[in-house]
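Take a look at the letters that make up each chain.
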Amino acid sequence: MHILIDAEGNRYLHIRGDFHSKQGVIQEKNIRPGILTTHLNKEYICFPATFADLLQNISRGPATMHGKDIGIILSKAGIGRNTKIVDAGTGSGVLAACLAHISEDVTTYESRKEHAVIAKKNFILLGVQPTLKEQDITKGIDEEQVDVITLDLLEPWKVVQHAAEALKAGGFLIAYCTNISQVTDFIKTAEEKNFLLEDVIEIIQRSWKIEEKIVRPEHIGLLHTGFLVFLRKV
């Protein structure tokens, strides 16, 4: 698979066959990394498609977590190859896929069949193999001695007791919450179960415009998407 980029910066995922666009055709046999030219003499830059490129081309369903939030989860929880992870609220599968791109032991729970169908399709495209369970995690967690549990749910506090039983001592319980009332309710329930509050984070992202003599921040940034709550089992 390859990513093709036109002169305007538009990106296209090429999987197989000839590449067709309004700027012309590139035959499949000619698609390889480098500068490619269509039959109309229009140039494209071509790169091999990485995991990050493919992530931008997944099938969309429910709202997906942004890279700025996923990155801090990976770093603060110390996700590695042998980290045992349980994820819940799979949705389109973005977080589960990013976790499975690093760890070999990821199980993700999704209670809605239509979301599970989308996630499965995306896992194939991304080349990752987390275990997908079509179950409601608020009814219980099958896994034991878990290192990290991530939750992207409307009512994450309903998982706290199950998480307390499934996590190792010192294991992380992480929730992505879109509003602050979810955060406070989740923390209150978790602290009653002897979880230690490590951090509550909101990540704000702003790009810069670099164009000839123009060097300034962009007027619009990726501001509030959600709060990340990091807890550890005592």
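Let me begin by describing the structure that accompanies this report. A quick note: this is a predicted structure, and the numbers were derived from the prediction, not measured.

**Points about the sheet that holds strand 9 (residues 131-133)**
Here is step 1: The mixed open sheet is built from 7 strands, whose spatial order is 9-8-7-10-11-15-12. The two strands at the open ends of the sheet, each matched to only one other strand, are strand 9 and strand 12 (195-201). Sheet twist, expressed as the mean angle between neighbouring strand axes with direction ignored, is 15 degrees.
Here is step 2: The pairing of strand 7 (residues 84-88) with strand 8 (residues 105-109) spans 5 bridges and is classified as parallel. Along strand 8, the bridge assignment pairs valine 86 with threonine 107.
Here is step 3: Sheet contacts for helix 2 (residues 67-76): strand 10 (146-151), strand 11 (167-177), strand 12 and strand 15 (227-233); angle to strand 15, the most-contacted strand, approximately 15 degrees.

**So, the side chain of aspartate 6**
Here is step 1: Its place among the elements puts aspartate 6 in the loop between strand 1 (2-5) and strand 2 (11-14).
Here is step 2: Although aspartate 6 lies buried, it forms no salt bridge, and the closest oppositely charged side chain, lysine 22, sits 6.8 Å away as judged by the N-O distance.
Here is step 3: Side-chain polar atoms of aspartate 6 contact the backbone nitrogen of asparagine 10, separated by 2.9 Å.
Here is step 4: Apart from residues no more than four positions distant in its own chain, aspartate 6 is found in contact with Tyr12, Gln23, Glu43 and Tyr44.

**A few points about helix 6 (residues 180-192)**
Here is step 1: The end-to-end C-alpha distance of helix 6 is 19 Å, a good match for the 18 Å that 13 residues give at a rise of 1.5 Å each.
Here is step 2: Along helix 6, the residues that are buried comprise Gln182, Val183, Phe186, Ile187 and Ala190. Axial view of helix 6: buried residues confined to an arc of 125 degrees, hence all on one face. Along helix 6, exposed side chains directed more than 90 degrees from the buried face belong to Lys188 and Glu192.
Here is step 3: On the buried face of helix 6, the contacting elements are strand 10, helix 5 (160-166), strand 11, strand 12 and strand 15.

**Details of the pattern of salt bridges**
Here is step 1: Under the definition given, this model contains 10 salt bridges.
Here is step 2: A salt bridge links glutamate 114 to arginine 112; the shortest N-O distance between them is 2.8 Å.
Here is step 3: A relative accessible area of 43% means that glutamate 114 is categorised as partly exposed.
Here is step 4: Classification of arginine 112 as partly exposed rests on a relative accessible area of 44%.

**Observations regarding the pairing of strand 2**
Here is step 1: One ladder, built from 4 bridges, connects strand 1 with strand 2; its direction is antiparallel. When the sheet's bridge partners are listed, isoleucine 5 is paired in strand 2 with arginine 11.
Here is step 2: With antiparallel pairing between neighbouring strands as the criterion, strand 1 and strand 2 make up a hairpin whose turn holds 5 residues, including glycine 9 at a positive phi of roughly 90 degrees.

**Focus on a nonpolar patch on the surface**
Here is step 1: Together, Ile35, Ile45 and Phe47 make up a nonpolar patch on the protein surface, roughly 280 Å² of accessible area in all.
Here is step 2: Tracing the backbone through its elements, the reader meets isoleucine 35 in strand 5 (residues 34-37).
Here is step 3: The exposure class assigned to isoleucine 35 is exposed, which follows from its relative accessible area of 55%.

Parameters and conventions
Residues numbered from 1 in each chain as written. Predicted model: local features only at pLDDT ≥ 70, side-chain atom pairs only at ≥ 80, totals over all residues. Heavy atoms only, no water. Pairing = 2+ DSSP bridges. Helix = DSSP H or I, 4+ residues; strand = E, 2+ residues; numbered from the N terminus. Axes fitted to C-alpha atoms, helices over the stretch in contact; angles between N-to-C directions. Contact = heavy atoms within 4.5 Å. Buried < 20%, exposed > 50% of the residue type's maximum accessible area, 1.4 Å probe, protein only. Lys, Arg positive; Asp, Glu negative; His and termini not counted. Salt bridge = Lys/Arg side-chain N within 4 Å of Asp/Glu carboxyl O. Polar contact = N/O pair within 3.5 Å; in protein donor to acceptor, adjacent residues only side chain to side chain. Expected span 1.5 Å × (residues − 1). Arc of directions from axis to C-beta. Patch = residues over 30% accessible without salt bridge, like charges linked within 9 Å, V, L, I, M, F, W, Y side chains within 5 Å. Areas by Shrake-Rupley, 256 points an atom, 1.4 Å probe, with all protein chains shown as cover.

Note that every value here comes from positions in space, so none of it alone points to a role or purpose.
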